[in-house]
Amino acid sequence: GAQLMMRTGKHRKAVFVILIILNLLWLVCCIPVITPAPAPVAMHHVLFQYHTGRSDQVFKPFFHAFFRDFGQGVLLGIPVTIVCVLLVFNGLYIYGNYPGTFHPLWIPFVLMLAITAAMIIYGCPLMARDQLKLGQVVSNALAFFLRNPKLSFFSTLLYFLPVLVFLFLPGFLSNFLFLWVLLGGSTAATFCDKRLLKLFEQEEED
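As a convention, each chain's residues are numbered from 1 in the sequence order in which they are written. Reporting in this predicted model follows two pLDDT cut-offs: at least 70 for local features of residues, and 80 or more for side-chain atom pairs to be given and counted; totals over whole chains, interfaces and linings ignore these cut-offs and use all residues. With hydrogens and water stripped out, all remaining heavy atoms of the structure feed into the side-chain values.

Looking now at the nonpolar core. Among buried residues, the Ala, Val, Leu, Ile, Met, Phe, Trp, Tyr and Cys ones that are joined through side-chain atoms within 4.5 Å form a nonpolar core. When accessible area is computed with a 1.4 Å probe and restricted to protein chains, residues below 20% of their type maximum are described as buried, those above 50% as exposed, and intermediate ones as partly exposed. Ranked by size, the top nonpolar core spans 47 residues in total, and within it Leu22, Met43, Phe62, Tyr122 and Tyr159 carry the most contacts. The helix and strand labels rest on DSSP assignments: H or I over at least four residues marks a helix, E over at least two residues marks a strand, and numbering proceeds from the N terminus. Counting residues per element, this core draws most heavily on helix 9 (residues 173–205), which supplies 10 residues. If we ignore the near neighbours within four places in the chain, the residues touching Phe62 are Leu22, Leu25, Trp26, Cys29, Ala39, Ala42, Met43 and Val46. Throughout, a contact is declared for two residues whenever any of their heavy atoms are within 4.5 Å.

Structure below.
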């Protein structure tokens, strides 16, 4: 029993270290404007290998996937990044000018948010797991997003948590951003990827 507890403790520490390294790699590789999708694709590739027991390495599989899917990742990432920027400014404008009221501008905002979330939650993991063409990635990501509303909703909240903290808990933002820089993105990704693996396997069986 004591040995099992020691192994479990070491395992948790190892996972914690892996998530921190992976998160920092993801953030650094996201800094160039053209790499917002190749970086998360690489992160999901590492997590899929870890969850399936294929490898517990970080650097080698990360950069292998980063360069393997670089071209398609750029084609997916640039428009998603542009839409994310537009969402931030549009959201702040609507929230600032029409607080507490419904405005028709919220409709296209929610639609753009849903499409962007679908690419982040499902698109990048699909690209990391399967060799799909860009059109297949987009169509499959949208299909998964619509067919799995609970997972899509909670994953969207998780990935956009910094925005929610900024809007509703601004006093906590500085402390939260420190934690997010350490392991926010990788923690959100590993939470979602465990569920996505089962989802993708079920889809293949059907």
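This brings us to the pattern of salt bridges. Note on definitions: salt bridges are taken to be side-chain nitrogens of Lys or Arg within 4 Å of carboxyl oxygens of Asp or Glu. Inspection of every chain in the model, using the stated rule, returns three salt bridges. Residue Glu203 pairs with Arg147 through a salt bridge whose shortest N-O separation is 3.0 Å. Taken together, the residues span a long stretch of sequence, with Glu203 in helix 9 and Arg147 in helix 6 (residues 134–147) at a distance of 56 residues.

A few words on a nonpolar patch on the surface. Nonpolar side chains (Val, Leu, Ile, Met, Phe, Trp, Tyr) within 5 Å and like charges within 9 Å form the patches, drawn only from residues with over 30% relative accessible area and no salt bridge. Using a 1.4 Å probe, the Shrake-Rupley method yields the accessible areas, and only the shown protein chains count as cover for residues. Together, Tyr95, Phe168, Leu169, Phe172, Phe178 and Leu179 give the surface a local cluster of nonpolar side chains, amounting to about 650 Å² of exposed area. Along the chain, the position of Tyr95 falls in helix 4 (residues 70–97).

Looking now at the packing of helix 5 (residues 106–129) against helix 6. To get an axis, fit a line to the C-alpha atoms, keeping to the stretch in contact for a helix; angles then go from 0 to 180 degrees between the N-to-C directions. Between helix 5 and helix 6, the shortest axis-to-axis distance is 8 Å and the interhelical angle comes to 120°. With respect to their mutual orientation, helix 5 and helix 6 come out oblique. Crossing handedness for the pair helix 5 and helix 6: right-handed. Contact with helix 5, carried on its side by Ala114, Ile115, Ala117, Ala118, Met119, Ile121, Tyr122, Gly123, Leu126 and Met127, involves Leu134, Val137, Val138, Asn140, Ala141, Leu142, Phe144 and Phe145 of helix 6 and no other residues of that element. For this classification, the nonpolar set comprises Ala, Val, Leu, Ile, Met, Phe, Trp, Tyr, Cys and Pro, the charged set comprises Asp, Glu, Lys and Arg, and every other residue, Gly included, is treated as polar. Class assignment of the residues belonging to the contact of helix 5 with helix 6 gives a composition of 16 nonpolar, two polar and no charged. We call two directions roughly parallel when the angle between them is under 35 degrees, roughly antiparallel when it is over 145, roughly perpendicular when it lies between 65 and 115, and oblique otherwise. Take the far helix as your reference; a near helix turned counterclockwise from it by less than a right angle gives a left-handed crossing, and one turned clockwise gives a right-handed crossing.

This paragraph deals with the packing of aromatic side chains. Think of it this way: a Phe, Tyr or Trp ring, Trp meaning its six-membered ring, pairs with another when their centres are within 6.5 Å, and the plane angle makes it stacked under 30 degrees, edge-to-face over 60, tilted otherwise. Across all of its chains, the model carries 14 aromatic pairs by this definition. Centre to centre, the rings of Phe63 and Phe66 are 6.5 Å apart; their planes meet at 70°, and the pair counts as edge-to-face. In this pair, Phe63 and Phe66 are both assigned in helix 3 (residues 59–68), three residues apart and thus about one turn of the helix distant. What makes Phe63 partly exposed here is its relative accessible area of 31%. Looking at Phe66, the relative accessible area reads 7%, which means it is buried. An aromatic cluster of at least three residues, connected via ring pairs, comprises Phe48, Tyr122, Phe144, Phe145 and Phe200. Placement of a positive charge over a ring is assigned whenever Lys NZ or Arg CZ falls within 6 Å of the ring centre and within 35 degrees of the normal to the ring plane. Lying across the ring of Phe144, Arg147 places its NZ or CZ 5.4 Å from the centre. Cation over ring: Arg195 sits above Phe191, and NZ or CZ is 3.9 Å from the ring centre.

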